[in-house]
Amino acid sequence: MSTYYTTTPIYYVNDKPHIGHCYTTLLADVASRFQRLVRGDRHDVFCLTGTDEHAEKVVQSARAHNVSPQQWADTNAAEYKKAFKAMNFDCDDFVRTSEDRHKSKASAYIQKLVDSGDIELGDYEGWYDPSQEEYVTDHTAKESDYTSPVTGKPLEKRTEQNYFFRLDKHEDWLKEQIESDAIPVRPSARKNEVLGRIRQGLQKVPVSRRIKEGDADWGIRMPNDPDHRIYVWIEALCNYLTAIDTPDRQRFWPADVHVMAKDILWFHAVIWPAMLRALGKEPPRMVYAHAYWVREGRKMSKSLGNFIEIETIQAYCDRYSRDAVRWYLLTQGPLGANDADFAHSHFLEVYNNELANGIGNSTSRVGNMIAKYYDGVLPRTCNGEFGFDDGVALQTAVAARVAVGKAPDDPNRTFHFPQITGQAVTRAIEAGNDFQIDEMVRQGLAIVRAVDEFITYSAPFTLAKQLDDHPEGDHALGSILYSSAEALRIASLLLAPAMPEKMAELWANWNCAPSEGVPLEELARFGGEYALKEGQAVQKGDVLFMRADPKEDPPSPITTG
Ligand code: MSP
């Protein structure tokens, strides 16, 4: 099967990680975990994250803390690694732009662009946004009243002799590639924005800065001209190649998806594909720019001091489990074009509704019934077709309800579990390939909901109470419980990329950890080779998610000085 390569932005090390950095990396982690599952092979999937260390603001921040840029970068890169470990991200590599492997290869790419004439020396005068370390077009500068469109801080008019990347040469090609979805830019609202901006015309992009006296010795110099330093954005983009430019990793190019937020889409959808073209490399297969997290309805910013920092996230993980936090971020996050709000009350609602009363409750109900009625051993298998071939089981269950005066409104319902689970798997794979990560993980929950409905309808607990008088009902009871458990096993596969620890806990109890090396579609076949078996022990185990009091206060972060 083909390889899958996903990247996150590499994050600035001037400060510590917060919810935004964790969210983007979570998306890449879950997408990669899912693709490993689809392929049954982790070696075909590569997930890259890392840190961007040569920015001017890293130098300033280091100075303010009285340490060298390298020391400051080391400290904060370690914070990112720690945060990503705490979130249980399973990335394959963490690239730091101050590493030799990055510096040497990035310079080689730049040299190649100089040799091919795509980078050339020239004079530049333009509007510079010091807060974002980028030049903005005259049009943008005017529109935003000569302040930064991102931070609102004043722009500066700058003139300098620079090396330029001839972005203008790629205008028609970029327009065509993006318009035709040869390079899909997603969500589509973002594609339209990018196209609108390309249509205003592309200019040459400065890619170096002359080193001034007093500048820190930090960054990567122009390979042919050491008086110039490569502009940080240009070498940072190269990380997506430098990290996999080794004999065993080259097969991962082109990247399947570069993931980021909308703030840095232009670099990824326009400048980077043009650089790749000039380097003779294929463009990425998708550029995905999500929106922002805001907090309790307000934009997060330094001046408001309201970032959801890693300590707050950790406090939620400690109280509700990190899988619950992962689930909330994934399913409620700003994956589309709109911003998403992190609100405590909403967290509790989702936690109770989808986790405690969803997957948690279903698995514990089914596990408890198997324990109670069959001593924790599956009595038989069943083809999962209720109201179809195995209609008798459902009719028996409905008769048991009628006998106690609890007849269902519709006595002729059907449940076709091979179809319900098969469809969910197909949809999850389609959504995964389209980077609809929320939709992808939700397919697991869709199966859980179907099982819940099935249990409510077939009421196995009612059937069980009548077994003394109607021993023939035992077959129906066993079939209902088997099918519920088997459907939940398949749901757990689809939920595992989002909630790896909780699903591993379930697999340990139910003896159904997925075999290594087997692709998802085989693992997930209802009643197939990897299905639950007759005579298999299914232990009830602890409840996966305890219900929360919908009125409880947010957990408070433990601050360490
Ligand atoms: N270093 C550059 C990226 C270079 S990539 C070659 C950079 N770094 S950053 O530290 O500022 O990270 C920006 C990214 O962090 C966003 O694109 C997004 O992925 C994530 N987020 C930062 N704040 C965010 C929110 N409030 N909400 C969601 N994600 C956000 O830009």
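Heads up: these notes are all about the structure in this document. Here the residue numbers are simple positions, counted from 1 along each chain's written sequence. With pLDDT at 70 or above as the cut-off, local features in this predicted model cover only qualifying residues; side-chain atom pairs require 80 or more to be listed or tallied, and sums for whole chains, interfaces and linings still use all residues. As a rule here, side-chain values come from all non-hydrogen atoms in the structure, and water together with hydrogens is ignored.

What to know about the pairing of strand β2 (residues 45-52)
Then, in step 1: Taken across its eight residues, β2 has eight buried, putting it largely inside the fold.
Then, in step 2: Two strands qualify as a pair provided DSSP detects at least 2 bridges between them. A run of H or I in DSSP becomes a helix once it reaches four residues, and a run of E becomes a strand once it reaches two; helices and strands are each numbered from the N terminus. With seven bridges joining them, strand β1 (residues 4-12) and β2 adopt parallel strand pairing. By the bridge assignment, Ile10 is partnered in β2 with Gly50.
Then, in step 3: Crossover β1 to β2 through helix α1 (residues 19-39) is right-handed. Buried means the residue's accessible area, taken with a 1.4 Å probe over protein chains only, is under 20% of the maximum for its type, while exposed means over 50%, and partly exposed covers the values in between. Here is how to tell: hold the view so the strands point away, follow the path from the first strand over the helix to the second, and if it runs clockwise the crossover is right-handed.

Description of the packing of aromatic side chains
Then, in step 1: For this analysis, a ring pair means two rings from Phe, Tyr or Trp (six-membered ring only for Trp) whose centres lie within 6.5 Å, classed as stacked if their planes differ by under 30 degrees, edge-to-face if by over 60, and tilted for the remaining angles. Scanning the entire structure with this criterion turns up 32 aromatic pairs.
Then, in step 2: For the ring pair Tyr316 and Phe342, a centre distance of 5.4 Å and an interplane angle of 85° mean the geometry is edge-to-face. One end of the pair, Tyr316, is in helix α11 (residues 310-320); the other, Phe342, is in strand β16 (residues 340-342), and 26 residues separate them in sequence. Taken individually, Tyr316 and Phe342 each receive the classification buried, so the pair is uniform in this respect.
Then, in step 3: Connected via pairs of aromatic rings, a cluster forms that spans Tyr23, Trp293, Tyr316, Tyr320, Tyr328, Phe342, Phe347, Tyr351 and Phe545.
Then, in step 4: Two thresholds decide whether a charge sits over a ring: the Lys NZ or Arg CZ must be within 6 Å of the ring centre and within 35 degrees of the ring normal. One residue, Arg413, lies across the ring of Tyr457, its end atom 5.7 Å from the ring centre.
Then, in step 5: In this structure, Lys502 is placed above the aromatic ring of Phe545, and the distance from its NZ or CZ to the ring centre is 5.2 Å.

Looking at the side chain of Ser208
Then, in step 1: Relative to the helices and strands, Ser208 resides in strand β9 (residues 208-210).
Then, in step 2: For Ser208, the side chain forms a polar contact with the main-chain nitrogen of Tyr163, separated by 2.9 Å.
Then, in step 3: In this structure the side chain of Ser208 is engaged in a polar contact, spanning 3.1 Å, whose partner is the side chain of His228.
Then, in step 4: Residue contacts for Ser208: discarding those within four places in its chain leaves Glu160, Asn162, Tyr163, Met222, His228, Arg229, Ile230 and Tyr231. Pairs of N or O atoms within 3.5 Å make up the polar contacts considered here, provided that, within protein, one atom can donate a hydrogen while the other can accept it, and that residues adjacent in sequence are counted only when both atoms are side-chain atoms. Two residues qualify as a contact provided that any one of their heavy atoms is within 4.5 Å of a heavy atom in the partner residue.

Considerations on helix α16 (residues 437-458)
Then, in step 1: By this rule the span expected of a helix is its residue count minus one, scaled by 1.5 Å. Taking 1.5 Å per residue, 22 residues should reach 32 Å; α16 reaches 33 Å between its end C-alpha atoms and fits that length.
Then, in step 2: In the structure, α16 departs most strongly from a straight axis at Gln443, where the bend amounts to approximately 30°.
Then, in step 3: Downstream of α16 by one or two residues, Ala459 has phi in the positive range, about 40°. By definition, a residue's bend is the angle between the axes fitted to the seven residues ending there and the seven starting there.

Some thoughts on unusual backbone geometry
Then, in step 1: That bond from Arg186 to Pro187 is cis: its omega, -10°, falls within 30 degrees of zero.
Then, in step 2: The phi dihedral of Asn88 falls on the positive side, at around 65°, and the residue is not glycine.
Then, in step 3: Locating Asn88 in the fold gives a position in the loop between α3 (69-86) and β3 (93-96).
Then, in step 4: Asn88 gets classed as buried once you look at its relative accessible area, which sits at 19%.
Then, in step 5: Non-glycine residue Phe435 carries a positive phi angle of around 55°.

Some thoughts on the site of the ligand
Then, in step 1: Taken together, 24 residues form the shell around the ligand, and within it Ile10, Thr24, Asp52, Asp263 and Trp293 come nearest.
Then, in step 2: The separation between a nitrogen atom of the ligand and a polar main-chain atom of Ile10 is 2.8 Å.
Then, in step 3: Here an oxygen atom of the ligand and a backbone polar atom of Ala261 are 3.0 Å apart.
Then, in step 4: Accessible surface area values rest on a Shrake-Rupley calculation with a 1.4 Å probe, where residue burial reflects the displayed protein chains alone. For the ligand, whose unbound accessible area comes to 670 Å², protein coverage reaches 91%.
Then, in step 5: Contributions of two or more residues to the shell around the ligand are made by β1, α1, α8 (232-237), α9 (239-242) and β12 (257-261).
Then, in step 6: Here the shell around the ligand gets four residues from one element, more than from any other, and that element is β1.
Then, in step 7: Residue polarity follows a fixed list, in which Ala, Val, Leu, Ile, Met, Phe, Trp, Tyr, Cys and Pro are nonpolar, Asp, Glu, Lys and Arg are charged, and the others, Gly among them, are polar. Its residues assigned to classes, the shell around the ligand shows 15 nonpolar, seven polar and two charged. The rule for a residue being near a molecule or strand is that one of its heavy atoms must lie within 4 Å of it.

Side note on the pattern of salt bridges
Then, in step 1: Think of a salt bridge as a Lys or Arg side-chain nitrogen and an Asp or Glu carboxyl oxygen that are within 4 Å of each other. All told, the structure shown has 31 salt bridges when counted by the stated rule.
Then, in step 2: The salt bridge partner of Arg199 is Glu179, with a shortest N-O separation of 2.9 Å. Taken as a pair, Arg199 in helix α7 (residues 188-199) and Glu179 in helix α6 (residues 171-179) lie far apart in primary sequence, 20 residues in all.
Then, in step 3: For Glu179, a relative accessible area of 40% puts it in the partly exposed group.

So, the environment of Ser364
Then, in step 1: Within the secondary structure, Ser364 is located in helix α13 (residues 344-374).
Then, in step 2: When its relative accessible area of 14% is taken as the criterion, Ser364 is described as buried.
Then, in step 3: Taking the C-alpha atoms as reference points, Ser364 and Lys540, 176 residues apart in sequence, are found 6.4 Å from one another.

Here's the deal with the nonpolar core
Then, in step 1: By size, the foremost hydrophobic cluster in this structure holds 112 residues, and its most contacted members are Leu329, Phe435 and Leu520.
Then, in step 2: Looking at which element gives the most residues to this core, the answer is helix α18 (residues 473-495), with 13 residues.
Then, in step 3: For Phe435, the residues in contact, after removing those within four places along its chain, are Tyr4, Leu27, Ala31, Val257, Val259, Met286, Tyr288 and Leu335.
Then, in step 4: In terms of nonpolar packing, the next biggest core, distinct from the first, is built from 67 residues, Tyr5, Leu48, Leu167 and Met222 among them. In this text, buried Ala, Val, Leu, Ile, Met, Phe, Trp, Tyr and Cys residues form a nonpolar core when linked through side-chain atoms within 4.5 Å.

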